[in-house]
Amino acid sequence: MQIHPSMTADRQKRFFAYLIDIIPISLLVFGFFYFFLGFDIVLEKYYNRGGDIQPRIEFLKQRNWIRDISFFVWIVYCVFMESSVTQATLGKMAMGIKVVKEDGNKMSWSESLGRNLSKIISYFVLFLGFIWIFFDRNKQGWHDKMNKTYVVDKKYGCSD
């Protein structure tokens, strides 16, 4: 089966699927930092810092940790979910989309690992690989192009 651009998922569906997945992950990581790693104190010092720069530096450092850890948890989550029988994360399932290889079949665990680790390149290059989805004819990000995958409406592709 050849994937045709009309089979690929709407860009908006991909974006909302991402939000459905990343928001709970980010909230959990934030909660862990807040309740167990002292981020509550960092926030308090940040908001009451006056002219002191040190609380701002500590806030930015911990905020970046929360962002980066959330991203890497999301990557691991995607590896397992997209190689499962659903071929989709919870967000993709909610939006009625899934990930397939270029032949329409399901990715193996190792293929999913490769696809999702490729997202790191897009992340560190100012998110350009993700933004690419909005301009590409086939609605593929760099991680899709590198791994010959597509995000399609759930009705397309094989489920095995």
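Whatever comes next refers back to the structure up there.
Criteria and cut-off values
Residues numbered from 1 in each chain as written. Predicted model: local features only at pLDDT ≥ 70, side-chain atom pairs only at ≥ 80, totals over all residues. Heavy atoms only, no water. Phe/Tyr/Trp six-rings, centres within 6.5 Å; stacked < 30°, edge-to-face > 60°. Helix = DSSP H or I, 4+ residues; strand = E, 2+ residues; numbered from the N terminus. Buried < 20%, exposed > 50% of the residue type's maximum accessible area, 1.4 Å probe, protein only. Axes fitted to C-alpha atoms, helices over the stretch in contact; angles between N-to-C directions. Parallel < 35°, antiparallel > 145°, perpendicular 65-115°, else oblique. Contact = heavy atoms within 4.5 Å. Nonpolar A, V, L, I, M, F, W, Y, C, P; charged D, E, K, R; others polar.

Participant: I'd like a rundown of the packing of aromatic side chains, residues and numbers included.
Facilitator: Counted according to the given criterion, the structure contains 18 aromatic pairs. Seen from their ring centres, Phe-39 and Phe-59 are 6.0 Å apart, and the 20° between their planes marks the pair as stacked. With Phe-39 in helix H2 (residues 39-47) and Phe-59 in helix H3 (residues 54-82), this residue pair connects regions lying 20 residues apart in the sequence. An identical accessibility class is assigned to Phe-39 and Phe-59; each is buried.

Participant: Could you give an account of the packing of helix H1 (residues 11-36) against H2, naming the residues involved and the relevant values?
Facilitator: Put simply, H1 and H2 touch, their axes get as near as 5 Å, and they point 85° apart. Comparing the axis directions of H1 and H2 gives the class roughly perpendicular. Each of Phe-30, Phe-33 and Tyr-34 in H1 lies in contact with H2, whose residues at this interface are Phe-39, Asp-40 and Leu-43. Partitioning the contact of H1 with H2 into residue classes produces 5 nonpolar, no polar and 1 charged.

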